[in-house]
Amino acid sequence: FGAAFTAGIFSVPLVFHLDMVNWFNDKFVTAEMPPPEDVVTALEVGSASWGWMEPILGQVSFFLLCMQFARSQLQNLGVRPYFNWQRNMRAEYLVTQFPEYDAEFLRNYSKIDKIVGPNEMSD
């Protein structure tokens, strides 16, 4: 979330703010910019920077779209990777805490038992 939010915030000045566009162009792009009298408004600055900012913004947007699609397909299939990992870690923790009991029984019990009680989250 943090990286996507930060990239979203910085994408606007990197396209429309003349000082940021010039700084980014000097450091990373080195493209020829139009004369100063042709980049007076924010839209003119955006027009000048869009040629080299579009591939970056387009690729990031497509990546986020693919990640959203993958997440929705996992939800459609009922796959919950983090929940399953957490449940397996809890089972292994029980096995290490109670070595005197049957490990397979503890793992199975831990995986079917609810993490919270029935009334703990109902308020």
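You'll find the structure just up there.
In this text the structure is predicted, and so the values were computed from the model without any measurement.

**Student:** Explain the overall build of the chain to me, please; I cannot follow it from the model alone.
**Tutor:** When you go through the chain residue by residue, the secondary structure sums to 5 helices and 0 strands. Going from N to C terminus, the chain has its helices and strands arranged as α-α-α-α-α. For 123 residues, the compact-globule formula gives about 14 Å, and the C-alpha radius of gyration of the chain, at 26 Å, lies well above that figure. Seen through its C-alpha atoms, the chain measures out along the principal axes to roughly 80 × 30 × 30 Å. Here the chain holds 123 residues, and 15% of them are scored as buried. Surface exposure of the chain reaches about 9,900 Å², of which carbon and sulfur atoms provide 63%. If the 8 positive side-chain charges of the chain are averaged to one point and the 14 negative ones to another, these points end up 18 Å apart.

**Student:** Even after reading the chapter, I still don't get the side chain of Ser-110, so can you show me in this structure?
**Tutor:** Within the element layout of this structure, Ser-110 appears in helix H5 (residues 103–112). Looking at Ser-110, the relative accessible area reads 1%, which means it is buried. At 3.5 Å, the side chain of Ser-110 forms a polar contact with the backbone nitrogen of Ala-91. In this structure Ser-110 touches Arg-87, Arg-90, Ala-91 and Leu-94, once residues within four positions along its chain are discounted.

**Student:** Which parts of the structure should I look at to understand the packing of aromatic side chains?
**Tutor:** Remark: the centre distance and the inter-plane angle together describe each pair of aromatic rings, the angle taken between the planes. Applying the stated criterion to the full structure yields 6 aromatic pairs. Measuring from centroid to centroid gives 6.2 Å for Phe-98 and Tyr-101, while their planes differ by 55 degrees, and the two rings are tilted. A network of ring pairs unites the aromatic residues Trp-23, Phe-24, Phe-28 and Trp-52 as a single cluster. Over the face of the ring belonging to Phe-83 we find Arg-80, whose NZ or CZ atom lies 4.1 Å from the ring centre.

**Student:** Would you mind going over the nonpolar core with me for this structure?
**Tutor:** As a rule of thumb, nonpolar side chains are buried together in soluble globular proteins. Counting 10 residues, the largest nonpolar core consists of Leu-14, Val-15, Val-21, Phe-24, Met-33, Val-39, Val-45, Ala-48, Trp-52 and Met-53. Mapped by element, the contributors of at least two residues to this core are helix H1 (2–16), helix H2 (18–29) and helix H3 (42–77). With residues near it in sequence (within four places) discarded, Phe-24 still touches Leu-14, Val-29, Trp-52 and Met-53.

Cut-offs and rules
- Residues numbered from 1 in each chain as written.
- Predicted model: local features only at pLDDT ≥ 70, side-chain atom pairs only at ≥ 80, totals over all residues.
- Heavy atoms only, no water.
- Helix = DSSP H or I, 4+ residues; strand = E, 2+ residues; numbered from the N terminus.
- Rg over C-alpha atoms; globule rule 2.2 N^0.38 Å.
- Buried < 20%, exposed > 50% of the residue type's maximum accessible area, 1.4 Å probe, protein only.
- Areas by Shrake-Rupley, 256 points an atom, 1.4 Å probe, with all protein chains shown as cover.
- Lys, Arg positive; Asp, Glu negative; His and termini not counted.
- Charge placed at Lys NZ, Arg CZ, Asp CG, Glu CD.
- Polar contact = N/O pair within 3.5 Å; in protein donor to acceptor, adjacent residues only side chain to side chain.
- Contact = heavy atoms within 4.5 Å.
- Phe/Tyr/Trp six-rings, centres within 6.5 Å; stacked < 30°, edge-to-face > 60°.
- Lys NZ or Arg CZ within 6 Å of the ring centre and 35° of its normal.
- Core = buried A, V, L, I, M, F, W, Y, C linked by side-chain atoms within 4.5 Å.

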